Amino acid sequence: MSIRRRTNSFIFGGISAAVFLAVGIIMMINGGGFADFAIYAGVAVVAFTFVSCLILANNFIGELVEEIFSWGFISLPGLIFELSLDGILWLITVKLLFWLLGLALAVLCGILAVVLGAALSVFVYPFAIVKSFREVTTV
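Because the structure is a prediction, the values reported are computed rather than measured.

1. Comments concerning the confidence of the model for the chain
In regions of low pLDDT, the predicted coordinates are not meant to be interpreted in detail. Confidence in the prediction for the chain averages 89 pLDDT; 96% of positions are at 70 or higher. When pLDDT is averaged over each helix and strand of the chain, the minimum, 91, is found for helix 1 (residues 3-32) and the maximum, 93, for helix 3 (residues 61-70).

And the structure:
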């Protein structure tokens, strides 16, 4: 584990946490109340640990997110159509429907991957940061 990777995890994790804290402060100032700020503060902590775990790359969070995200990319079946105007229109509409279904599935799996990875990163981050301090290289 290089010192540069750990430093980058602190920097970019801090930037992501600062963005959510700034949004929370803006929401609180605009009349959202302290409850909105508390929610964004919690999201900031989760964002920091998630980004840091992804950059440290000494844990399973990146592989988990990649695997779950890959579930959304499926190959839909080929279509048999007849060579007439109705057959070609049917082919185009079904291909568009399959494309929309594939896109929706990919987006849903992507959201699931990020949410699950972020939720688990809170528990994995302490082990990842300790591991990064124990296995130090200068490169």
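Now that the structure is up, let's keep going.
2. Considering the packing of helix 3 against helix 4 (residues 85-134)
Across the interface, helix 3 lies against helix 4 with an axial gap of 8 Å and an inter-helix angle of 160 degrees. With respect to helix 4, the axis of helix 3 lies roughly antiparallel. Between helix 3 and helix 4 the crossing geometry is right-handed. Contacts between helix 3 and helix 4 pair Ile 61, Leu 64, Val 65, Ile 68 and Phe 69 from the former with Ala 106, Cys 109, Gly 110, Leu 112, Ala 113, Leu 116, Gly 117, Leu 120, Ser 121 and Val 124 from the latter. Within the contact of helix 3 with helix 4, the residues separate by chemical class into 12 nonpolar, 3 polar and no charged.

3. Some thoughts on the side chain of Asn 58
Secondary-structure assignment places Asn 58 in the loop between helix 2 (34-56) and helix 3. Within the structure, the side chain of Asn 58 is placed 3.4 Å from the side chain of Asn 59, a separation counted as a polar contact.

4. Digging into the nonpolar core
The nonpolar side chains of a soluble globular protein tend to be buried, and buried together. If you look at the biggest cluster of nonpolar residues, it comprises 12 residues: Phe 50, Cys 53, Leu 56, Ile 61, Val 65, Ile 68, Ala 113, Ala 118, Val 124, Tyr 125, Ala 128 and Ile 129. Breaking this core down by element, the ones donating at least two residues are helix 2, helix 3 and helix 4. Among the elements that take part in this core, helix 4 stands out by supplying 6 residues, more than any other. Apart from residues lying up to four places away in sequence, Ile 68 is in contact with Cys 109, Leu 112, Ala 113 and Leu 116.

5. Overview of a nonpolar patch on the surface
Together, Ile 11, Phe 12, Ile 15, Val 19, Val 23 and Met 27 make up an exposed nonpolar region whose accessible area comes to about 490 Å². With respect to the helices and strands, the residue Ile 15 is situated in helix 1.

6. Side note on the environment of Val 46
By the element assignment, Val 46 lies in helix 2. Each C-alpha atom of the pair Val 46 and Gly 102 lies 29 Å from the other, and the pair is 56 residues apart in sequence. Residues within four places of Val 46 in sequence aside, it is in contact with Ala 118, Ser 121 and Val 122.

Parameters at a glance
- Residues numbered from 1 in each chain as written.
- Predicted model: local features only at pLDDT ≥ 70, side-chain atom pairs only at ≥ 80, totals over all residues.
- Heavy atoms only, no water.
- pLDDT = per-residue confidence, 0-100.
- Helix = DSSP H or I, 4+ residues; strand = E, 2+ residues; numbered from the N terminus.
- Axes fitted to C-alpha atoms, helices over the stretch in contact; angles between N-to-C directions.
- Parallel < 35°, antiparallel > 145°, perpendicular 65-115°, else oblique.
- Left-handed = near helix turned anticlockwise from the far one by under 90°.
- Contact = heavy atoms within 4.5 Å.
- Nonpolar A, V, L, I, M, F, W, Y, C, P; charged D, E, K, R; others polar.
- Polar contact = N/O pair within 3.5 Å; in protein donor to acceptor, adjacent residues only side chain to side chain.
- Core = buried A, V, L, I, M, F, W, Y, C linked by side-chain atoms within 4.5 Å.
- Buried < 20%, exposed > 50% of the residue type's maximum accessible area, 1.4 Å probe, protein only.
- Patch = residues over 30% accessible without salt bridge, like charges linked within 9 Å, V, L, I, M, F, W, Y side chains within 5 Å.
- Areas by Shrake-Rupley, 256 points an atom, 1.4 Å probe, with all protein chains shown as cover.
- Salt bridge = Lys/Arg side-chain N within 4 Å of Asp/Glu carboxyl O.

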